[in-house]
Amino acid sequence: MATGSPAPGNDPALASAPPPSAPDTPAPAPAPLPGDVPSAGERLLEALLTEVHTAAPMDLPRLVDRCATMIGLESVVIYLVDIQQRHLIPLTRGLPTIELDTSTPGWAYRTIDLRVEENPEGGLMAWLPLVDGAERLGILGIRTAVLDPTRLRRCRMLASVLAMAITSKRAYSDSFARQSRTEPMDLPAEMLRSLLPPRTIGNNHAVSTAVLEPAYHIGGDAFDHSLTQSTLHAAIFDAMGHNLASGLTTTVAVAGCRNARRAGAELPELVAIIDQALGQWLPDQYCTGIITQLNLAEGVFRWCNCGHPPPLLIRGQRVLDAALERPAQPPMGLPAQFATTPRTAHEVMLEPGDRVLLYTDGVTEARIEGGDRFGLRRFTDSIIRGAAAGEPAAEALRRIIHSILDHQKDQLRDDATLLLIEWRPPRP
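Definitions and cut-offs
- Residues numbered from 1 in each chain as written.
- Predicted model: local features only at pLDDT ≥ 70, side-chain atom pairs only at ≥ 80, totals over all residues.
- Heavy atoms only, no water.
- 1 Å grid on protein atoms, 1.4 Å probe; cavity = no way out; pocket = protein on both sides within 12 Å on 5 of 7 lines; lining within 4 Å.
- Points joined across faces, edges and corners; volume = space filled by probe spheres on them.
- Helix = DSSP H or I, 4+ residues; strand = E, 2+ residues; numbered from the N terminus.
- Nonpolar A, V, L, I, M, F, W, Y, C, P; charged D, E, K, R; others polar.
- Pairing = 2+ DSSP bridges.
- Contact = heavy atoms within 4.5 Å.
- Axes fitted to C-alpha atoms, helices over the stretch in contact; angles between N-to-C directions.
- Buried < 20%, exposed > 50% of the residue type's maximum accessible area, 1.4 Å probe, protein only.
- Expected span 1.5 Å × (residues − 1).
- Arc of directions from axis to C-beta.
- Core = buried A, V, L, I, M, F, W, Y, C linked by side-chain atoms within 4.5 Å.
- Parallel < 35°, antiparallel > 145°, perpendicular 65-115°, else oblique.
- Left-handed = near helix turned anticlockwise from the far one by under 90°.
- Patch = residues over 30% accessible without salt bridge, like charges linked within 9 Å, V, L, I, M, F, W, Y side chains within 5 Å.
- Areas by Shrake-Rupley, 256 points an atom, 1.4 Å probe, with all protein chains shown as cover.
- Salt bridge = Lys/Arg side-chain N within 4 Å of Asp/Glu carboxyl O.

1. Things to note about the layout of surface pockets
Computed from the structure, the largest pocket encloses a volume of approximately 960 Å³. What lines the largest pocket is a set of 35 residues, and nearest its centre among them are I83, R170, S180, R193 and L196. Those elements giving two or more residues to the lining of the largest pocket turn out to be β1 (75-81), β6 (135-144), α5 (149-169), α6 (174-179), α7 (187-195), β8 (206-213) and α13 (393-408). Counted by class, the lining of the largest pocket contains 17 nonpolar, seven polar and eleven charged residues.

Below you can see the structure in the form of structure tokens.
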């Protein structure tokens, strides 16, 4: 017998073990725990999550129809907002487009809130916003005989899952891109649009939101923003010219900004890296812009201004005159190579509720009827009206850019980009 192995019957662990059950005596089944029996809502969520991962983008309406039956609804329709945020476009073919500014569904989108109304054909119509994080994607149109708390809870669950599915699938599908366009897009705009992050990002400390026009014919403007655990990063860019070369300049600038930021570069170093990239790859081009950082906990706002219009500080219901004006620094690229002083960052302490607005000169230089410029005064008046109305940051920005376009009859001579940062720390 091999050493090291106890003899049968001498194993101390077996000595204290109960005798084995007889072969023909089945072991008793364990008593079920209360959580082992899934509720109807859990089963619905499990089925939805399983199918939504493998569904093609344009299969979502079919999937939603099946979920509507399971929830006890008559129908559910997905509407996505178009690029310019003027229309809600249904994913289901054959249904009409909805005007965003004059409709009940548009009200739900603008306010990010549920809206319920009587259906002329009987029952109710509920309009539920589709939001992924801070980004407004569109609306769910829900037709139902009744809307009790259980059905409403399941509708909200459906909206949350669909918002995440739409965000993930539109990154690799042309279907949603085609669906959200109302006219053809030219090549420089296509290149820059593919580079842009979501319009709006945020958490319970801050939000950053941006708009860019002309939506289908932009040449050299762009924006970028990103969140980390401690910092909101945001930037705006305006390249020289209005053609494909301008788009390439902005593309290099945004890529250089992201590359340096992800490597942990401080603001002056980050801008210097963009200078080097543009000087090396596009020596005949340059780009103005503002690169910013907001400390989420303390409200410390830092920025580098590279030949760009100064940011505007909005506090309460007014724009603080010249609050963020600082000595000019050269644009990014070739001019920076001949500068005699290094890049510098400026710093201010924000107050809770403060908003910082970045803009390109295409905003203030837009012409209104009669040939006058839209100008900084009209621009700040629009900002103040939005602040007085108490609108969310993304909605205030949407209204401002539409006001500028309406003055121009949708015919901008230059790119017009706005980026709004709001610091809103939780109250103690």
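Picking up where we left off.
2. As for unusual backbone geometry
Residue E213 is joined to P214 through a cis peptide bond whose omega torsion reads -5°. Note that P214 resides in the loop between β8 and β9 (221-227). A positive phi is found at Q85, a non-glycine position, where the angle reads about 55°. With respect to the helices and strands, Q85 occurs in the loop between β1 and β2 (87-90).

3. Digging into the sheet that holds strand β3 (residues 98-99)
Paired through their backbone hydrogen bonds, the strands of a sheet run either parallel or antiparallel. Ordered by their spatial adjacency, six strands build an open sheet running β3-β2-β1-β6-β5-β4, and the pairing between neighbours is antiparallel. Two strands lie at the open edges of the sheet, namely β3 and β4 (115-118), each paired on one side alone. When β1 meets β2, the two strands line up antiparallel, connected through three bridges. Note that in β2 the partner of Y79 across the bridge is P90. Sheet strands in contact with helix α4 (residues 104-111) are β1, β2, β3, β4, β5 (124-132) and β6, and its direction is about 140° off that of β6.

4. Points about the environment of G353
Considering the arrangement of structural elements, one finds G353 in the loop between β16 (346-349) and β17 (355-359). Judged by its relative accessible area of 37%, G353 falls in the partly exposed class. The sequence separation of G353 and R424 amounts to 71 residues, and the corresponding C-alpha distance is 5.0 Å. Residues contacting G353, with those up to four places away along its chain left out, are E422, W423 and R424.

5. Section: helix α3 (residues 60-71)
Compared with an ideal rise of 1.5 Å per residue, which puts twelve residues at 16 Å, α3 spans 16 Å between its outermost C-alpha atoms and is within 8% of the ideal. Regarding α3, the residues found buried are L60, P61, L63, V64, C67, A68 and I71. The buried side chains of α3 occupy one side of the element, clustering within an arc of 155° when seen end-on. Looking one or two places after α3, you find G72, whose phi comes out positive at around 100°.

6. Considering the nonpolar core
Counting 52 residues, the largest nonpolar core has F237, I274, I291 and F301 as its most contacted members. Sorting elements by how many residues they give to this core places strand β10 (residues 231-239) first, with six residues. Leave out the neighbours within four places in its chain, and I291 touches A234, A235, F237, C257, L267, L270, V271, I274, R302, W303 and C304. Core analysis: the second largest hydrophobic core is formed by 31 residues, V64, L137, M157 and I166 among them.

7. Topic: the sheet that holds strand β14 (residues 318-320)
Pairing within the open sheet is antiparallel, and its six strands lie in the order β7-β8-β18-β17-β13-β14. Each end of this open sheet is capped by a strand with a single partner; those strands are β7 (200-202) and β14. Adjacent strand axes in the sheet meet at a mean angle of 20° when their direction is disregarded. Where β8 lies against strand β18 (residues 416-423), eight bridges are found, and the strand directions are antiparallel. The partner of E213 across the bridge, within β18, is A416.

8. Here's the deal with the packing of helix α8 (residues 244-262) against helix α9 (residues 267-281)
α9 packs onto α8 with a crossing angle of 140° between their chain directions and a minimal axis gap of 9 Å. The angle between α8 and α9 falls in the class oblique. Between α8 and α9 lies a crossing whose hand is right-handed. Packed against α8, whose contacting residues are T249, V252, A253, G256, C257, A260 and R261, the element α9 presents L270, I273, I274, A277 and L278 at the interface. Its residues assigned to classes, the contact of α8 with α9 comprises nine nonpolar, two polar and one charged.

9. What about a nonpolar patch on the surface?
A cluster of nonpolar residues, L187, L244 and L248, forms a patch on the protein surface that exposes about 260 Å² of accessible area. For L248, the position within the fold is in helix α8.

Don't take any of this as a statement about function, it's just geometry.
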